[in-house]
Amino acid sequence: MTPATRADCAALDAADPLAPFREEFVLPEGVVYLDGNSLGALPRSTPGRVADMIEREWGRDLIRSWNDAGWWDKPRTLGAKIAPLVGAAADEVVVGDGTSANLFKTLVTALRMSDRSVVLGEAGNFPTDLYVAEGAASLTGATQRRVDLDGPELARDLERGDVAVLLLSHVDYRSGTLRDMPGITRLAHEHGALVVWDLCHSAGAVPVDLSGSGADFAVGCTYKYLNAGPGAPAFLYAARRHHAVADQPLSGWHGHARPFDFTAGYEPAEGVSRFLSGSQPLVADAALEASLDVWARADMGLVRAKSLAMTDLFLERAARAGISSITPAEHARRGSQVALVQPEEGSGYPIVQALIARGVIGDFRAPDVMRFGFTPLYLRYVDVWDAAQALLEVVETGEWRQERFSRRGRVT
Ligand SMILES: *Cc1c(COP(=O)(O)O)cnc(C)c1O
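Residues numbered from 1 in each chain as written. Predicted model: local features only at pLDDT ≥ 70, side-chain atom pairs only at ≥ 80, totals over all residues. Heavy atoms only, no water.

> Can you break down the sheet that holds strand 5 (residues 118-122) residue by residue, with the values?
Strand pairing in a sheet takes place through backbone hydrogen bonds and is either antiparallel or parallel in direction. Spatially, seven strands are ordered 4-10-9-8-7-5-6 in an open sheet, and the strand pairing comes out mixed. Edge positions in the sheet fall to strand 4 (93-95) and strand 6 (143-147), since each of these pairs with one other strand and no more. Strand after strand, the sheet turns through a mean of 20° between neighbouring axes, direction not considered. As judged from the five bridges shared by strand 7 (residues 163-169) and strand 8 (residues 194-198), these two strands associate in the parallel manner. Bridge assignment links Leu166 to a residue of strand 8, and that residue is Val195. Packed on one face of the sheet, helix 5 (residues 99-113) meets strand 5, strand 7, strand 8, strand 9 (217-220) and strand 10 (235-238) and runs near 170° to strand 9. Most of the contacts of helix 6 (residues 127-140) go to strand 6, to which it runs at about 150°, and overall it touches strand 5, strand 6, strand 7 and strand 8. (Pairing = 2+ DSSP bridges. Helix = DSSP H or I, 4+ residues; strand = E, 2+ residues; numbered from the N terminus. Axes fitted to C-alpha atoms, helices over the stretch in contact; angles between N-to-C directions. Contact = heavy atoms within 4.5 Å.)

> Can you lay out helix 8 (residues 181-190) for me, pointing to particular residues and giving the numbers?
Within the span of helix 8, buried status applies to Met181, Gly183, Ile184, Thr185 and Ala188. In this structure, the buried residues of helix 8 make contact with helix 7 (153-158), strand 7, strand 8 and helix 9 (210-213). (Buried < 20%, exposed > 50% of the residue type's maximum accessible area, 1.4 Å probe, protein only.)

> Run through the pairing of strand 6, naming residues and quoting values.
For a regular strand, side-chain orientation follows a simple rule: the groups alternate between the two sheet faces. Note that strand 5 and strand 6 share five bridges and pair parallel. Bridge pairing in strand 6 places Val119 opposite Gln144. Tracing the backbone out of strand 5, into helix 6 and back to the parallel element strand 6 gives a crossover that is right-handed. (Right-handed = clockwise from strand over helix to strand, strands pointing away.)

> Let's hear about the side chain of Gln337: which residues, and what values?
Along the chain, Gln337 turns up in strand 11 (residues 337-341). Residue Gln337 is classed as buried on the basis of its relative accessible area, which comes to 1%. One polar contact links the side chain of Gln337 to the main-chain carbonyl oxygen of Tyr173, over a distance of 3.2 Å. From its side chain, Gln337 meets the backbone oxygen of Arg174 in a polar contact 2.9 Å long. (Polar contact = N/O pair within 3.5 Å; in protein donor to acceptor, adjacent residues only side chain to side chain.)

> Let's hear about the pattern of salt bridges: which residues, and what values?
As enumerated under the stated definition, the model contains 35 salt bridges in all. Where Arg22 meets Asp383, a salt bridge forms, and the shortest distance between an N and an O atom there is 3.4 Å. Here the residue Arg22 occupies a position in the loop between helix 1 (6-14) and strand 1 (25-26), and Asp383 occupies one in helix 13 (residues 381-397), the gap between them amounting to 361 residues. Here Arg22 matches Asp383 in class, with each residue buried. The structure contains a network of salt bridges with shared partners spanning Arg49, Asp52, Arg56, Glu57, Lys74, Lys81, Glu289 and Asp293. (Salt bridge = Lys/Arg side-chain N within 4 Å of Asp/Glu carboxyl O.)

> How would you sum up the sheet that holds strand 13 (residues 363-365)? Please name residues and give values.
As summarised here, the arrangement of the three strands in space is 11-14-13, forming an open sheet in which the pairing is antiparallel. Single-partner strands in this sheet number two, and they are strand 11 and strand 13. Within this sheet the neighbouring strands show an average axis-to-axis angle of 30°, counted without direction. Relative to strand 14 (residues 369-373), strand 13 runs antiparallel, the two sharing three bridges. Directly across from Arg365, in strand 14, lies its bridge partner Val369.

> I'd like a description of a nonpolar patch on the surface, backed by residues and values.
A contiguous nonpolar patch, built from Ile54, Trp58, Leu62, Ile63 and Val283 and spanning about 490 Å² of accessible area, is present on the exposed surface. Secondary-structure assignment places Ile54 in helix 2 (residues 46-60). (Patch = residues over 30% accessible without salt bridge, like charges linked within 9 Å, V, L, I, M, F, W, Y side chains within 5 Å. Areas by Shrake-Rupley, 256 points an atom, 1.4 Å probe, with all protein chains shown as cover.)

> Just give me the short version of the site of the ligand, but keep the residues and values in it.
Every residue lining the ligand is accounted for by Thr99, Ser100, Phe126, Thr128, Asp129, Ser169, Asp198, Cys200, His201, Tyr223 and Lys224. One of the side-chain nitrogen or oxygen atoms of Lys224 is found 2.6 Å away from an oxygen atom of the ligand. Summarising the interface, the protein chains cover 84% of the accessible area of the ligand, which totals 390 Å² for the free molecule. Among the detected pockets, the ligand sits in the second largest pocket. Only helix 5 and helix 6 provide two or more residues apiece to the shell around the ligand. Partitioning the shell around the ligand into residue classes produces three nonpolar, five polar and three charged. (Near = heavy atom within 4 Å. 1 Å grid on protein atoms, 1.4 Å probe; cavity = no way out; pocket = protein on both sides within 12 Å on 5 of 7 lines; lining within 4 Å. Sits in = over half its atoms within 2 Å of the grid points. Nonpolar A, V, L, I, M, F, W, Y, C, P; charged D, E, K, R; others polar.)

Have a look at this one:
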């Protein structure tokens, strides 16, 4: 049952087993933060963890920390902490570089594993995925093709029998549509294609089962639902069965079998470590570690249930205000965000700005989507209620028509 009053929401909060997590985040007074799908909130433990890394590990222990503080192994130890959140084994995930760079590594690896030469992507994917696929294809002499995922086109395209690798987002960044990972992976494999899954809007947002789905490769960022901070390093998953043959293009010394032999020739490490390239941002790794230690105590089943209850509530309130959504109504097809369609031409951006002025932070995605992310670790049901109420008022009163809400910043 969706709560019908603010008091119902308060009652849900009082009974919420995840409620104590809110205290573990820094949340400014008067702000309802619905943009944790773009930049997660700051865990309270992060500043102390980063300060310790800087003052003790770096400042006092200096170069010794490569061994004593486990710096060299951070890509693997952090990968092992992400693994349970994405349904992978500890030795199938490494942390390092950014999502775009990891997309490039996995796509070229997959192309080199195949005797085919088409990268199939989805037309509406996040732009960097499309751009990197273009780059990976041109570097290897392959071609890129795009399909509309939400029709019969995908199956028909795969039947052509020339697809080396399929690149998809598990949760669509605009609409919040959740894709059937096991079903699509199976379909691709039946047609001889490998699959790279982009988990940017999945990790920490929805349960993910890479192993159970038979996925080949995956990438994802840690600064969204995982709360690791702006520009935090990304992760890369490679199924164990591919490790021995994986030939990734950014062959650097951190991926070498014996980096401290300082030999002249490249010889890849065994296992997922071969996907590493060079030295990693260890200060940022400390922030990631603090945020993953919060996640280690969170039950993903509870997170999912609360996420669905919150998005149900927000969708219902928005529908009452006459605002439609492109986020699927079915739970099985919904991620952890709600994408509302602007009620009239050109109103989406200023409505979001008017909400931000009231302390309700969401974002706008061109050309017409108002996007709101729901993060069950630090949001309350009353926040969802208040945000929907603010939206209703901003739309009904025409508050958004004030000229100041139409001025655009560099980042939307
Ligand atoms: C956020 C996001 C990215 C980000 O890529 P960066 O290299 O971290 O800038 C990539 N893909 C998708 C689908 C995203 O949502």
